[in-house]
Every structure is written in structure tokens, then in C-alpha cells.
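Structural overview
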Amino acid sequence: KAGVTQTPRYLIKTRGQQVTLSCSPISGHRSVSWYQQTPGQGLQFLFEYFSETQRNKGNFPGRFSGRQFSNSRSEMNVSTLELGDSALYLCASSLASPGSGANVLTFGAGSRLTVL
Amino acid sequence: SQQGEEDPQALSIQEGENATMNCSYKTSINNLQWYRQNSGRGLVHLILIRSNEREKHSGRLRVTLDTSKKSSSLLITASRAADTASYFCATANFGNEKLTFGTGTRLTIIP
């Protein structure tokens, strides 16, 4: 069974550019969550999607957006990149349905974004 | 914002010794989970303990939960070099599936 796949694994952008990151969840998982990990702030929650609907959103500016497709694949986009957006962006999928109380996450390896 | 705070921030022990990490959180929870992260990679789920449970075991792992103190501990027995990693607790509140992660404990096992 394939795990959570994130692409690209590494990317370098310059300030002001935009970036799109992709996540393919485990087959059968309909919930996808995104996290930003930095040395200073740790793991910060970005979004959670279930069946193409955003169910939760973290405390990030509107430059950060995401979506989920009908096949459960998800993308997140960051526009007008800032130096502080340099981070490891982690995607995770879950088999649990909303309200099940057992949201165990399976993480991808992450996309490491460097903003110059 | 972080829900959980792990203690200690870093821990170094000799191979074969036991490692204990603690997690404190702020609000009522539905469940608490522990994850491991090897350097620069994704997190791996270790164990989940529900709010009505006090202790749970999985192999060399033992997790306790004290909801009155809003704290949890993770014990790794007979540590191995492969246990070197960062360990995070994560909490889920009732009615909200979002997992909020703590600050992590960096564990180093010295061969």
C-alpha cells in the first residue's frame, strides 16, 4: 500500500513568487491535513480537508490556501512568498471520518521550501 | 499555537536505558497521541490514548495520561540507537478532528 506522497520534495523560490505543493493521500483516506514545520514555531496546523470541504483552518494569512479534489488529492498554495515561509510543509492523511474521535495521521515525507 | 509542551526539550541516554518524556496540555481533550520524527522527515504515529484511559502499552512503549493534571508521559524501555528521533505529543479536542502538536523532545541514544 503506497504511503502519503508529497511533491516536490525540495524547492527553492524567491520572495514574491508563489508555490503549489501537492499531496496524494493513502488510497481510501478522505481526510487530508497540512502542517508547517519550522525550527522556531514547531508544527503549526494549516488546513484540514474532508471530501473536498475545508473543515478546519489554522491561523495563517490569506496567502496560504488549499483545496482537495474528488480523488482526495490535495494541493496547497502560498502566494507572495516571504522569507519566513521557508519551512518543511507536511501533509498527512487519515482514514477516520469527522467526529470519530480517532484521527490518526499518516504523514508524507514533506516538501522543503526555501525562500531566498 | 502549541497545545502541548514537551519536557525535556532534549534528552541523551545510553543505549539500553529507559527514556521518559512528558507532555502537558491546556484544554480538555478527546485523545492524546504520540508521534516520532526522524531528522527532517515526516512524523510516524506511535500510540493513541483516549481521555478515559489512564495507561496504554505498545511493545517497548508505555503511555500514561492524567487528565486531572492535563499531562501525559511516554516511556521507551530498553532504548536502541534507532530510537534516536524527535518525539511529539498531539492532542485532539472533542468535536474537532484537528491535531495540535507540542514542541517536541529531541531524544539521542548513545551507543
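Positions within a chain are numbered from 1, following the residues in the order the chain's sequence is written. In the order they appear in the text, chains get letters beginning with A and ligands get numbers beginning with 1. Where totals are concerned, whole chains, interfaces and linings use all residues; where local detail is concerned, this predicted model gives features only for residues with pLDDT of at least 70, and gives and counts side-chain atom pairs only at 80 or more. The side-chain figures draw on all heavy atoms in the structure; neither hydrogens nor water molecules are used.

A word on the overall build of chain A. When you go through chain A residue by residue, the secondary structure sums to zero helices and 11 strands. Tracing chain A from N to C terminus, the helices and strands come up as β-β-β-β-β-β-β-β-β-β-β. Radius of gyration here is computed from C-alpha atoms only, and the compact-globule reference equals 2.2 Å multiplied by the residue count raised to the power 0.38. On C-alpha atoms alone, chain A measures out to a radius of gyration of 14 Å, which is about the 13 Å that the 2.2 N^0.38 rule sets for 116 residues. Taking the principal axes of its C-alpha atoms as reference, chain A extends roughly 40 × 30 × 25 Å. Working definition: helices are DSSP H or I runs of at least four residues, strands are E runs of at least two. Numbering for both runs from the N terminus.

The next point concerns the pairing of strand β7 (residues 64-68) of chain A. Residues and elements named next belong to chain A. What makes two strands pair is DSSP finding at least two bridges between them. Of the strand pairs in this sheet, β7 and strand β8 (residues 74-78) are connected by five bridges, and their pairing is antiparallel. Considered in β8, the bridge of Phe64 is made with Val78. Where β7 folds back on β8, the antiparallel hairpin that results is connected by five residues, among which Ser72 adopts a positive phi of roughly 75°.

The next point concerns the nonpolar core. The definition of a nonpolar core used throughout is a set of buried Ala, Val, Leu, Ile, Met, Phe, Trp, Tyr and Cys residues joined through side-chain atoms within 4.5 Å. Three labels apply to residues, based on accessible area from a 1.4 Å probe with only protein chains included: buried if under 20% of the type maximum, exposed if over 50%, partly exposed otherwise in between. Leu32, Trp34, Leu74, Ile76, Tyr87 and Leu107 of chain B are the most contacted members of the largest nonpolar core, which totals 22 residues. Put simply, the parts of the chain that give this core at least two residues each are β2 (10-14), β3 (19-24), β4 (31-37), β5 (43-50), β7 (61-66), β8 (71-76), β9 (85-92) and β11 (105-110) of chain B. Counting 21 residues, the second largest nonpolar core, distinct from the first, contains Val4, Leu11, Cys23 and Leu113 of chain A.

It is worth spelling out unusual backbone geometry at this point. If a residue is not glycine, its phi is most likely negative; likewise, a peptide bond is most likely trans. Following Thr7 of chain A, the chain continues to Pro8 of chain A via a peptide bond in cis, the omega torsion being -10°. Mapped onto the fold, Pro8 of chain A is located in the loop between β1 (5-7) and β2 (10-13). Residue Pro8 of chain B is bonded to the preceding Asp7 of chain B through a cis peptide linkage, with omega at 0°. On the secondary structure map, Pro8 of chain B appears in the loop between β1 (5-7) and β2. A positive phi angle, close to 70°, is found at Glu52 of chain A, a residue other than glycine. Counting through the fold element by element, Glu52 of chain A comes out in the loop between β5 (42-50) and β6 (53-57). Of note, the phi angle at Ser72 of chain A is positive, near 75°, even though the residue is not glycine. Here Ser72 of chain A shows up in the loop between β7 and β8.

Okay, the interface of chain B and chain A next. Here, residues are in contact when the closest pair of their heavy atoms is within 4.5 Å. Each partner contributes residues to the interface: chain B has 20 residues there, and chain A has 25 residues. The term buried area refers to how much accessible surface (probe radius 1.4 Å) is lost by two components on association, counted for both of them together. Buried surface at the junction of chain B and chain A, both sides included, amounts to about 1800 Å², of which 48% is carbon and sulfur. Whenever a carboxyl oxygen of Asp or Glu lies within 4 Å of a side-chain nitrogen of Lys or Arg, that contact is scored as a salt bridge. Linking chain B with chain A are zero salt bridges, by the criterion used here. Polar contacts, as used here, are pairs of N or O atoms within 3.5 Å; protein pairs need one atom able to donate a hydrogen and one able to accept it. Residues neighboring in sequence count only if both atoms are side-chain atoms. One can count four residue pairs in polar contact (both at pLDDT 80 or more) joining chain B with chain A. At the level of secondary structure, the elements contributing two or more residues to the side of chain B that touches chain A comprise β4, β5 and β10 (99-101) of chain B. Taken together, the residues of the side of chain B that touches chain A sort by class into six nonpolar, 10 polar and four charged. Only Asp, Glu, Lys and Arg are considered charged in this grouping, and only Ala, Val, Leu, Ile, Met, Phe, Trp, Tyr, Cys and Pro are considered nonpolar; every other residue, Gly among them, is considered polar.

Adjacent strands of a sheet form backbone hydrogen bonds with each other and so pair up, either parallel or antiparallel. Residue and element names in this part refer to chain B. Spatially, the five strands line up as an open sheet ordered β1-β3-β8-β7-β6, and their pairing is antiparallel. Each having just a single partner strand, β1 and β6 (55-58) make up the two edges of the open sheet. Taking each pair of neighbouring strands and ignoring which way they run, the sheet shows an average axis angle of 20°. As paired strands, β1 and β3 are joined by three bridges and run antiparallel to one another. Within the sheet, the bridge partner assigned to Glu5 lies in β3 and is Ser24. Between the N-to-C directions of two axes lies an angle of 0 to 180 degrees, each axis being a line fitted to C-alpha atoms and, for a helix, fitted only over the stretch in contact.

Read these as spatial facts, not as claims about activity.
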